[in-house]
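# Coordinates in review
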Amino acid sequence: MGSFVTLKDVCKSYRMGEVTIHAANGISFEIEKGEFAVIVGPSGAGKTTVLNMLGGMDTCDSGQIVVDGEDIAAYSRKQLIAYRRYDIGFVFQFYNLVQNLTARENVELAAQICKNPMYAEEMLREVGLGERMQNFPAQLSGGEQQRVAIARALAKRPKLLLCDEPTGALDYNTGKTILKLLQDTCRSLGMTVIVITHNLAIAPMADRIIKVKNSRVEEIKRNENPVPVERIEW
Ligand SMILES: Nc1ncnc2c1ncn2[C@@H]1O[C@H](COP(=O)(O)OP(=O)(O)OP(=O)(O)O)[C@@H](O)[C@H]1O
Ligand SMILES: [Mg+2]
């Protein structure tokens, strides 16, 4: 079976006046459809840069980024807008919810912009927030807000769910329940999920572990026996 996501020799540098920062320096990896992949590495390694390029939020300087058979590195600006809108679900460290909309309205807002959305209520029930739909973000805990953000991302039925440090702002146990939700979603919907973390301890839950260091891929491991997150301690 061909890979669902392929990065081949992807380079990206940022010019800051006199200095050039090579944020991605020949990144290559593959991820199969339905996999739960973890990108792990120290701060400044280039993880967010890679995820933003994969999500069509940033462009690469050279290389190929193939998602579901399409090289998005060759996409026009207009094609990238459609790609971000229809194909990608994004979950951020700090949730990025609209503060003056309720949980339900936040999910509906995302669902409105795509062709074949899931119902907001159904999605919120899926993530365990059936009773909190009318609450505003400020009335929800961090973990609950992240559940809304996940419901919002999934309501679009994306091809890829990209999560940048989704537990970075949460305590240990809440972080675990969010990772469990992501892992369960991956399994039940057959969703391809990519999670960025600096916490190597959660690597055993993944089907594939991509270690990034100094803007390069240091190691790729395929894990034949991923562990349910509730059995991992760190
Ligand atoms: N828009 C930008 N302009 C200039 N430099 C940038 C930009 N985005 C990232 N960089 C630089 O590229 C390098 C990689 O950054 P990146 O955000 O991808 O790291 P990261 O692995 O996500 O780190 P962290 O774990 O701290 O989030 C860093 O040196 C960073 O300063
Ligand atoms: Mg980052």
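Residues numbered from 1 in each chain as written. Chains lettered and ligands numbered in written order. Predicted model: local features only at pLDDT ≥ 70, side-chain atom pairs only at ≥ 80, totals over all residues. Heavy atoms only, no water.

## Description of the sheet that holds strand E8 (residues 192–197)
Where we set the bar: Should DSSP find at least two bridges between two strands, the strands are taken to pair. Counting from the N terminus, the helices are DSSP H or I runs at least four residues long and the strands are E runs at least two residues long. Between N-to-C directions, angles cover 0 to 180 degrees, with each direction set by a line fitted to C-alpha atoms, over the stretch in contact for helices. Here, residues are in contact when the closest pair of their heavy atoms is within 4.5 Å.
In space, the six strands of this open sheet follow the order E6-E7-E8-E3-E9-E10, with mixed pairing throughout. Looking at strand neighbours, the two that pair on one side only are strand E6 (88–91) and strand E10 (216–222), the edges of this open sheet. When the angles between neighbouring strand axes are averaged without regard to direction, this sheet yields 15°. Sitting on the sheet, helix H6 (residues 172–189) touches strand E3 (36–40), strand E7 (160–164) and E8, and the angle it makes with E3 is about 140°.

## Thoughts on the environment of Val-229
What counts here: A 1.4 Å probe rolled over the protein chains alone gives each residue an accessible area, and that area as a share of the maximum for its type sets the label: buried under 20%, exposed over 50%, partly exposed in between.
For Val-229, the position within the fold is in the segment after E10. Classification of Val-229 by relative accessible area gives buried; the value is 1%. Distance in space between the C-alpha atoms of Val-229 and Phe-92 is 20 Å, their sequence separation being 137 residues. Those residues within four positions of Val-229 in sequence are excluded, and the remaining contacts are Lys-176, Leu-179, Lys-180, Gln-183, Met-205 and Trp-234.

## Some remarks on the packing of aromatic side chains
Stated formally: In this analysis, rings of Phe, Tyr and Trp, with Trp reduced to its six-membered ring, are considered paired at centre separations within 6.5 Å, and the interplanar angle assigns stacked below 30 degrees, edge-to-face beyond 60, and tilted for intermediate values.
In the structure shown here, the tally under the stated rule is three aromatic pairs. Arranged with centres 4.8 Å apart and planes meeting at 10°, the rings of Phe-90 and Phe-92 form a pair that is stacked.

## Some words on the site of ligand 1
Operational definition: When at least one non-hydrogen atom of a residue lies within 4 Å of a molecule or strand, that residue is treated as near it. Pairs of N or O atoms within 3.5 Å make up the polar contacts considered here, provided that, within protein, one atom can donate a hydrogen while the other can accept it, and that residues adjacent in sequence are counted only when both atoms are side-chain atoms. Areas reported here follow the Shrake-Rupley algorithm with a probe of radius 1.4 Å; residue values treat only the protein chains shown as occluding. Ten residues, namely Ala, Val, Leu, Ile, Met, Phe, Trp, Tyr, Cys and Pro, are considered nonpolar, four, namely Asp, Glu, Lys and Arg, are considered charged, and the remaining ones, Gly among them, are considered polar.
Near ligand 1 you find Tyr-14, Met-16, Ile-21, Ala-23, Pro-42, Ser-43, Gly-44, Ala-45, Gly-46, Lys-47, Thr-48 and Thr-49, and these make up its full shell. Between ligand 1 and Ala-45 there is a distance of 3.1 Å, counted from an oxygen atom to a backbone nitrogen or oxygen. The contact in question runs from an oxygen atom of ligand 1 to an N or O atom on the backbone of Gly-46, over 3.0 Å. The fraction of the free accessible surface of ligand 1 (630 Å²) that becomes covered by protein chains is 62%. Elements with a contribution of two residues or more to the shell around ligand 1: strand E1 (5–16), strand E2 (19–31) and helix H1 (47–54). A class-by-class count of the residues in the shell around ligand 1 yields six nonpolar, five polar and one charged.

## Here's the deal with the pairing of E2
As judged from the 10 bridges shared by E1 and E2, these two strands associate in the antiparallel manner. Directly across from Val-5, in E2, lies its bridge partner Ile-31. Counting the residues in the hairpin turn of E1 and E2 gives two residues, including Gly-17, whose phi is positive at 65°.

## Details of the environment of Ile-220
Within the fold, Ile-220 resides in strand E10. Residues Ile-220 and Asp-61 lie 159 residues apart in sequence; the distance between their C-alpha atoms is 23 Å.

## Digging into a nonpolar patch on the surface
Operational definition: Patch membership requires over 30% relative accessible area and the absence of a salt bridge. Like charges are linked within 9 Å, and nonpolar side chains (Val, Leu, Ile, Met, Phe, Trp, Tyr) within 5 Å. Think of a salt bridge as a Lys or Arg side-chain nitrogen and an Asp or Glu carboxyl oxygen that are within 4 Å of each other.
Where nonpolar side chains cluster on the molecular surface, the patch consists of Tyr-14, Met-16, Val-19 and Ile-21 and spans about 370 Å² of accessible area. The set of elements that each furnish at least two residues to the nonpolar patch consists of E1 and E2. Structurally, Val-19 can be placed in strand E2.

## Digging into the state of the cysteines
Keep this limit in mind: Note that a disulfide, as used here, is simply two cysteine sulfur atoms within 2.5 Å.
If you walk through the whole model with that rule in mind, you get zero disulfides. Of all cysteine sulfurs in the structure, the one in Cys-60 sits closest to Cys-11, which takes part in no disulfide; the separation is 8.5 Å.

## Focus: the pattern of salt bridges
Overall, the coordinates contain 16 salt bridges when judged by the stated rule. Here Glu-35 makes a salt bridge to Arg-222, at a shortest N to O gap of 2.4 Å. Of this pair, Glu-35 sits in the loop between E2 and E3 while Arg-222 sits in strand E10, placing them 187 residues apart in sequence. Taking relative accessible area as the criterion, Glu-35 reaches 4% and is therefore assigned buried. Accessibility expressed as a relative area gives 41% for Arg-222, which makes it partly exposed. Here Lys-180 makes a salt bridge to Glu-230, at a shortest N to O gap of 3.4 Å. Within this pair, whereas Lys-180 is found in helix H6, its partner Glu-230 is found in the segment after E10, the two being separated by 50 residues in sequence. You can call Lys-180 partly exposed: its relative accessible area is 30%. Through salt bridges with shared partners, a single ionic network connects Glu-35, Arg-208, Arg-222 and Glu-224.

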